[in-house]
Amino acid sequence: MEKNYHINTNCVQAGYSPKNGEPRVLPIVQSTTYKYESSEQMGRLFDLEENGYFYTRLQNPTNDAVAARITALEGGVAGMLTSSGQAANFYAVFNIASAGDHIVSSAAIYGGTFNLFSVTMKKLGIDFTFVRPDVSEEELNAAFRPNTKAVFAETLSNPSLDVLDIEKFARAAHAHGVPLIVDNTFPTPINCRPFQFGADIVTHSTTKYMDGHATSVGGAIIDSGNFDWTQNDKFPGLTTPDESYHGITYTERFGKGAYITKATAQLMRDLGSIPSPHNAFLLGLGLETLALRVQRHCENAQKVAEFLEAHEKVAWVDYPGLPSSRGYALAQKYMPHGTSGVISFGVKGGREAATRFMDHLELAAIVTHVADARTCVLHPASTTHRQLTDAQLEEAGVGPDLIRLSVGIEYVDDIISDLQQALEQA
Ligand SMILES: *Cc1c(COP(=O)(O)O)cnc(C)c1O
């Protein structure tokens, strides 16, 4: 039913359709466990022969309803929630790569994801080659190896705001028989639906716009169902029997649901990064207003970016909604209705002026967050990206003077007045 409705309607209603006499609002099933009348029936659940709930580490009705809503928004066939965006990106890659494998990743990615890949997953024996998002097709193709299992990138990178040429990355991935995984946290499916451009798997930090109110850390993984895992022998975890599940072969048993079923049955079972049903409920509530909020974030950010660009104390502004921005042309193609509420800019006078500016803000708060209802600012080089060397900062597109401004949904004139007075004192 859900696919026939506009995305704005699916934000409000998809994923939960109560029957006669059932609660109108998605119930919080705050239960770790589920009762059955025979142990034989429960055994069939354990063998994945029957659908049903048995333990919340694997599945929970509240979580599943919210995952189904996000799946509908992205236009995918199957989805799951995780307890954080970090867990989502880890699962999304680890589900199809193990020791000895290799991944091609955009270098313009969230600092936490960069550490996850270049430090922690490297310790697990998975190698990464990082490429600039504006890499030529030739150079991109040259990054692949025989053991490459996926390509990873962010559709709109945090915090460098590179707009991904999704079709270029999808073409290269598919030419080498591997899927394109994209983190679509910043645009959200309201502004960009990567499956339409050839991406195969989408991940989210739902902590950001999806929750939208900065109440709950969370993540999601959505499968388009479009990638054929059986086209080559690169994905034995999906196409050969899983001994930890009585010899089930995921692609045979679950078809287009294979990837998400494996991530749930194997990774969630063993690693356990499940969100609490209460957090999933809050996420579901946030999703109801996602379309409204994203639209306001973008309208406000456009005005703020134009204000900053005209201000004499501002050295540079990068917002893909500005014609002067390097991401403008790609944004027009992939995110024509808006990118996000996030702007990066530099204040004249470098690092010190940036700090003075931030310390004088009154309405906008300094927080380690981005993409929620309240306007906030962050200096990535001294916070989220402080583990990175100057060379790595450069490669990730995060200069030492970069201020990340996350424009909220307050009245825009109040946001601009606050920036104005702080700039005067910078
Ligand atoms: C915040 C963020 C993450 C990490 O998500 P958490 O929910 O904080 O674990 C991953 N990717 C992007 C693009 C992010 O902005």
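Residue numbering note: each chain is counted from 1, following its sequence as written. This being a predicted model, a pLDDT of at least 70 is required before a residue's local features are given, and a value of 80 or more before pairs of side-chain atoms are given or counted; all residues contribute to the totals for chains, interfaces and linings. For the side-chain quantities, the full set of heavy atoms in the structure was used; hydrogens and water were omitted.

A.B. asks: Just give me the short version of the site of the ligand, but keep the residues and values in it.
C.D. replies: Near the ligand there are 16 residues, and of these N158, D183, S205, T207 and K208 occur at the shortest range. Counted as a polar contact is a pair of N or O atoms within 3.5 Å, where, for protein atoms, one must be capable of donating a hydrogen and the other of accepting one, and residues adjacent in sequence contribute only when both atoms are in side chains. Measuring from an oxygen atom of the ligand, one finds a side-chain N or O atom of S205 at 2.8 Å. Here T207 contributes a side-chain N or O atom positioned 2.6 Å from an oxygen atom of the ligand. What sets the accessible areas is the Shrake-Rupley method with a 1.4 Å probe; for residues, cover comes only from the shown protein chains. When isolated, the ligand has an accessible area of 380 Å², and the protein chains bury 93% of it. Tallying contributions element by element places helix 4 (residues 85–94) first for the shell around the ligand, with 3 residues. Across the shell around the ligand, the residue classes break down as 3 nonpolar, 10 polar and 3 charged. Distances are taken per atom, and a residue is near a molecule or strand as soon as one of its heavy atoms is within 4 Å of it. The helix and strand labels rest on DSSP assignments: H or I over at least four residues marks a helix, E over at least two residues marks a strand, and numbering proceeds from the N terminus. Throughout this entry, Asp, Glu, Lys and Arg are counted as charged residues, while Ala, Val, Leu, Ile, Met, Phe, Trp, Tyr, Cys and Pro are counted as nonpolar. The remaining residues, Gly among them, count as polar.

A.B. asks: A description of the side chain of D162 should follow, citing residues and the corresponding values.
C.D. replies: Secondary-structure assignment places D162 in the loop between strand 4 (148–154) and helix 7 (166–175). Judged by its relative accessible area of 9%, D162 is buried. Of the polar contacts made by the side chain of D162, one reaches the side chain of S160; its length is 2.8 Å. In this description, contact between two residues means that some pair of their heavy atoms is separated by no more than 4.5 Å. Apart from residues no more than four positions distant in its own chain, D162 is found in contact with A108, R132, P133, E154, T155, L156, S157 and R326. To sort residues, take the accessible area from a 1.4 Å probe on protein chains only and compare it with the maximum for the residue type: under 20% means buried, over 50% means exposed, and anything in between is partly exposed.

A.B. asks: With reference to specific residues and values, describe the side chain of R404.
C.D. replies: With respect to the element layout, R404 can be found in strand 12 (residues 403–406). Ignoring anything within four residues of it in the chain, the contact list for R404 reads N158, P159, V342, I343, H369, V370, C376, V377, L378 and P380.

A.B. asks: Describe the packing of helix 4 against helix 11 (residues 258–271), and please don't skip the residues or the numbers.
C.D. replies: Note on geometry: axes are lines fitted to C-alpha atoms, helical ones only across the stretch in contact, with angles between N-to-C directions running from 0 to 180 degrees. Close contact between helix 4 and helix 11 brings their axes to 10 Å; oriented N to C, the two are set at 115°. Considering the relative orientation of helix 4 and helix 11, their crossing is right-handed. When helix 4 is examined against helix 11, the residues F90, Y91, A92 and F94 are found in contact with a partner set consisting of Y259, A263, L267, M268 and L271. In the contact of helix 4 with helix 11, the residues fall into 9 nonpolar, no polar and no charged. Working rule for handedness: look at the near helix, and if it is turned counterclockwise from the far one by less than a right angle, call the crossing left-handed; if clockwise, right-handed.

A.B. asks: With reference to specific residues and values, describe helix 4.
C.D. replies: Burial analysis of helix 4 places 8 of its 10 residues in the buried class, which makes it a mostly covered element. Considered for burial, the residues of helix 4 that qualify are G85, A87, A88, N89, F90, Y91, A92 and V93. Capping the start of helix 4, S84 holds a side-chain oxygen 3.4 Å from the backbone nitrogen of Q86, two or three residues further along.

A.B. asks: Before we move on, can you summarise the pairing of strand 6 (residues 201–205) with the specific residues and values?
C.D. replies: Burial analysis of strand 6 places 5 of its 5 residues in the buried class, the great majority of the element. Pairing between strands requires that DSSP locate at least two bridges from one strand to the other. Pairing between strand 5 (residues 180–183) and strand 6: 3 bridges, direction parallel. Paired with V182 across the two strands is V202, which belongs to strand 6. Note that strand 6 and strand 7 (residues 219–223) share 5 bridges and pair antiparallel. For T203, the partnering residue across the bridge sits in strand 7 and is I221.

Just geometry here; none of it tells us what the structure is for.
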